[in-house]
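Each chain, letter by letter, is given below.
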Amino acid sequence: MYVTIVYASVKADKVEAFKEATRMNHEQSIHEPGNRRFDILQSADDPTRFILYEAYKTREDAAAHKETAHYLAWRDTVTDWMAEPRKGVIYDGLYPAEND
């Protein structure tokens with residue numbers, strides 16, 4: 001599995017708009033070929049902080065996600081709402097294994 005954990009810090013006055021835009025991206029992303037998980041987390045301690053957990057079967061599936069209309073619309077919509085640039089960290093997903 002190819003996993004990206006995206007850390008996002010959103011301007012306080014854009015939190016609700018970010019949540020809605022991200023929900024819409026999530027709803028389309030979970031239907032993409034190769035998608036295994038697409039979770040959106042909001043910090044319980046700081047509501048301006050989010051984590052997007054994106055798991056795809058392959059690196060190519062993850063790259064294809066970044067070419068979809070819904071991702072491009074989300075990216076363009078939320079860019080100015082960031083308190084600081086988003087940071088994506090890539091991981092190799094070990095477990096559950098693909099056949100589990």
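These remarks concern the structure in this document.

Cut-offs applied
- Residues numbered from 1 in each chain as written.
- Predicted model: local features only at pLDDT ≥ 70, side-chain atom pairs only at ≥ 80, totals over all residues.
- Heavy atoms only, no water.
- Pairing = 2+ DSSP bridges.
- Helix = DSSP H or I, 4+ residues; strand = E, 2+ residues; numbered from the N terminus.
- Axes fitted to C-alpha atoms, helices over the stretch in contact; angles between N-to-C directions.
- Contact = heavy atoms within 4.5 Å.
- Expected span 1.5 Å × (residues − 1).
- Parallel < 35°, antiparallel > 145°, perpendicular 65-115°, else oblique.
- Left-handed = near helix turned anticlockwise from the far one by under 90°.
- Nonpolar A, V, L, I, M, F, W, Y, C, P; charged D, E, K, R; others polar.

**Things to note about the sheet that holds strand β3 (residues 49-56)**
The pairing of strands in a sheet comes from backbone hydrogen bonds and takes either a parallel or an antiparallel form.
Piece 1. Reading across from one edge, β2-β3-β1-β4 is the order of the four strands in this open sheet, with antiparallel pairing throughout. Both outer strands of the open sheet, β2 (35-42) and β4 (82-92), are each paired with one neighbouring strand and no more. Sheet twist, expressed as the average angle between the axes of neighbouring strands with direction ignored, equals 10°.
Piece 2. The pairing of β2 with β3 spans seven bridges and is antiparallel. When the bridges of β3 are listed, Leu41 appears paired with Ile51.
Piece 3. Where helix α3 (residues 69-78) meets the sheet, it contacts β3 and β4, and its direction lies at approximately 145° from that of β4.

**Thoughts on the pairing of β3**
Piece 1. Bridge count for strand β1 (residues 2-10) against β3 is eight bridges, and the pairing is antiparallel. Within the sheet, the bridge partner assigned to Ile5 lies in β3 and is Tyr53.
Piece 2. Between β2 and the antiparallel strand that follows it, β3, lie six residues.

**Points about helix α1 (residues 15-29)**
Piece 1. With 15 residues, α1 ought to run about 21 Å at 1.5 Å a step, and its terminal C-alpha atoms sit 20 Å apart, in line with that.
Piece 2. On its buried face, α1 is in contact with β1, β2, β3, α2 (59-65), α3 and β4.

**Concerning the packing of α1 against α3**
Piece 1. Put simply, α1 and α3 touch, their axes get as near as 9 Å, and they point 165° apart. When the interaxial angle is binned, α1 and α3 end up roughly antiparallel. Crossing hand, α1 versus α3: left-handed. Along the contact surface, α1 presents Phe18, Ala21, Thr22, Asn25, Gln28 and Ser29, while α3 presents His70, Tyr71, Trp74, Thr77 and Val78.
Piece 2. Per-class residue counts for the contact of α1 with α3 are five nonpolar, six polar and no charged.

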